[in-house]
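# Working through the structure, step by step
Chain by chain, the residues run as shown.
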Amino acid sequence: MTNGKLKKKIVEILFPVLKGSRVSCNEENACERCWFPCEIERMANGLADALIEAGIGDTSDLEVKCEVLQRDVDNLTRTMEEGAEELKEAEHRAEVAERALKRFALVCSCNECPFRYACDEDLEARHVNNYAGCVQKYLETAEKELAEERKGEKK
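Residues numbered from 1 in each chain as written. Predicted model: local features only at pLDDT ≥ 70, side-chain atom pairs only at ≥ 80, totals over all residues. Heavy atoms only, no water.

With that settled, consider the overall build of the protein chain. A tally of regular secondary structure across the protein chain gives six helices and zero strands. Across the protein chain, helices and strands are ordered from the amino to the carboxyl terminus as α-α-α-α-α-α. Among the 155 residues that make up the protein chain, the fraction classed as buried is 15%. For the protein chain, contacts bridging at least 24 residues in sequence account for 55% of all contacts bridging at least 6. In the structure as shown, the protein chain presents an accessible area of about 12700 Å², 56% of it carried by carbon and sulfur atoms. (Helix = DSSP H or I, 4+ residues; strand = E, 2+ residues; numbered from the N terminus. Buried < 20%, exposed > 50% of the residue type's maximum accessible area, 1.4 Å probe, protein only. Contact = heavy atoms within 4.5 Å. Areas by Shrake-Rupley, 256 points an atom, 1.4 Å probe, with all protein chains shown as cover.)

Further remarks concern the confidence of the model for the protein chain. In the predicted model, the protein chain carries a mean pLDDT of 77, and 70% of its residues have values of at least 70. At the level of individual helices and strands, the protein chain shows its lowest average pLDDT in helix α5 (residues 123-128), which scores 56, and its highest in helix α4 (residues 60-107), which scores 86. (pLDDT = per-residue confidence, 0-100.)

This part covers the nonpolar core. Counting ten residues, the largest nonpolar core is built from L6, I10, V11, L14, L18, C38, I40, A44, A48 and I52. Tallying contributions element by element places helix α1 (residues 3-21) first for this core, with five residues. The residues touching I52, leaving out its near neighbours within four places in the chain, are N3, L6, K7 and I10. (Core = buried A, V, L, I, M, F, W, Y, C linked by side-chain atoms within 4.5 Å.)

Next up on the list: the pattern of salt bridges. What the rule picks out here adds up to three salt bridges. Residues K7 and D49 are paired through a salt bridge, measuring 3.0 Å at the closest nitrogen-oxygen approach. With a gap of 42 residues between them, K7 in helix α1 and D49 in helix α3 (residues 39-53) connect regions that are remote in the sequence. The class for K7 is partly exposed, based on a relative accessible area of 24%. On the basis of relative accessibility, which here comes to 36%, the residue D49 falls in the partly exposed class. Of the charged contacts, one joins E89 and R93 as a salt bridge, the two residues approaching to 3.0 Å between their closest N and O atoms. Placement of the pair is E89 and R93 together in helix α4, with a separation of four residues, close to one helical turn. Accessibility expressed as a relative area gives 48% for E89, which makes it partly exposed. (Salt bridge = Lys/Arg side-chain N within 4 Å of Asp/Glu carboxyl O.)

In this section: a nonpolar patch on the surface. Taken together, the side chains of F104, L106 and V107 present a nonpolar region at the surface, about 310 Å² in accessible area. As for its position among the elements, L106 is in helix α4. (Patch = residues over 30% accessible without salt bridge, like charges linked within 9 Å, V, L, I, M, F, W, Y side chains within 5 Å.)

Turning next to α3. With 15 residues, α3 ought to run about 21 Å at 1.5 Å a step, and its terminal C-alpha atoms sit 21 Å apart, in line with that. Looking one or two places after α3, you find G55, whose phi comes out positive at around 90°. (Expected span 1.5 Å × (residues − 1).)

Let us now look at a negative patch on the surface. Judged by side-chain charge, E145, E148, E149 and E153 come together as a negatively charged surface patch. When you line up the elements, E153 lands in helix α6 (residues 132-154). Given the relative accessible area of 65%, E153 is considered exposed. (Lys, Arg positive; Asp, Glu negative; His and termini not counted. Charge placed at Lys NZ, Arg CZ, Asp CG, Glu CD.)

Next comes the structure, spelled out in structure tokens:
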């Protein structure tokens, strides 16, 4: 806000306060018709000038801070949106991988499976539940491997 606009705003605030505390004219609406330079207006302008000179009401620094804050908020919002997109993509890849694993389990015979009947399910149950036990074993194995890799990365 320029000093001129700031002064105008301060005068708008001070004028009714000063007018209310002093009786300048004999009539209710005399200020609107008066041709004489108003003592209250001069006082309001003088006070506004003094306040501006003292730095009270100067919003230029605040405006700069608001612009910087808005830029930071915009950057954070953009980063969060990008993170959300990456998360959606990762979830999609995980779904695809799990679906592929289930399909693989359907076509892979128990003789070819590295668990060799160790999924604790009988052969009849495997056909009924689409080899859920085998898929679960593979998922558990993958979870353990990832956990061990993360431990190794942290050290």
